[in-house]
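Report on the structure
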Amino acid sequence: MVVVVNGQEHGIEEGSTVARLLNELRLDAQPVAVELNGGLVRKMDYANTPLSDGDRLEIVTFVGGG
């Protein structure tokens, strides 16, 4: 399957979830916001949110400082 992450195509395995994608992208230990097809995904739902071929995600990481 292919999803689009921040404008870039990314191949994932069938049955992947948001949590698995974040793990593959090595973002699972960072504070992030995830939008899936225009809707915000709550952190508590990452493991239970399945991804489908053609899904579009925007993943924003938070950076501290000033």
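Refer to the structure above for everything that follows.
Attention here is on the structure that accompanies the text.

Quick notes on the rules
- Residues numbered from 1 in each chain as written.
- Predicted model: local features only at pLDDT ≥ 70, side-chain atom pairs only at ≥ 80, totals over all residues.
- Heavy atoms only, no water.
- Salt bridge = Lys/Arg side-chain N within 4 Å of Asp/Glu carboxyl O.
- Buried < 20%, exposed > 50% of the residue type's maximum accessible area, 1.4 Å probe, protein only.
- Core = buried A, V, L, I, M, F, W, Y, C linked by side-chain atoms within 4.5 Å.
- Contact = heavy atoms within 4.5 Å.
- Pairing = 2+ DSSP bridges.
- Helix = DSSP H or I, 4+ residues; strand = E, 2+ residues; numbered from the N terminus.
- Axes fitted to C-alpha atoms, helices over the stretch in contact; angles between N-to-C directions.

1. Quick look at the pattern of salt bridges
- Counted under the stated rule, the structure contains three salt bridges.
- Taking the shortest distance from any N to any O, the salt bridge between Asp45 and Arg42 comes out at 3.0 Å.
- Residue class for Asp45 comes out partly exposed when judged on its relative accessible area of 23%.
- Three or more residues are tied together by salt bridges with common partners; here these are Glu13, Arg20 and Glu24.

2. A short note on the nonpolar core
- Judged by nonpolar contacts, the single largest core of 15 residues is most densely connected at Leu22, Val34, Leu51, Leu57 and Ile59.
- Discounting residues that sit within four places of it in the chain, Val34 has contacts with Val18, Leu22, Gly39, Leu40, Val41, Tyr46, Leu57, Glu58 and Ile59.

3. Some remarks on the sheet that holds strand S5 (residues 56–61)
- As summarised here, the arrangement of the five strands in space is S2-S1-S5-S3-S4, forming an open sheet in which the pairing is mixed. Of all strands in the sheet, those bounded by a partner on one side alone are strand S2 (8–11) and strand S4 (39–41). Across this sheet, the average inter-strand angle for adjacent strands is 35°, counted without regard to direction.

4. Notes on the pairing of strand S1 (residues 2–5)
- Bridging between S1 and S2 involves four bridges; their strand directions are antiparallel. Within S2, the residue paired with Val4 across the bridge is Glu9.
- Remark: two residues form the turn of the hairpin made by S1 and S2, two consecutive strands paired antiparallel; Asn6 in that turn has positive phi of roughly 50°.
- Across two bridges, the pairing between S1 and S5 is parallel. Looking at the pairing, Val4 lines up with Arg56 of S5.

5. A closer look at the side chain of Thr17
- Looking at where Thr17 falls in the secondary structure, it is placed in the loop between S2 and helix H1 (18–24).
- You can call Thr17 buried: its relative accessible area is 18%.
- Ignoring any residue separated from it by four or fewer positions in sequence, one finds Thr17 in contact with Tyr46, Ala47, Thr49, Pro50 and Leu51.

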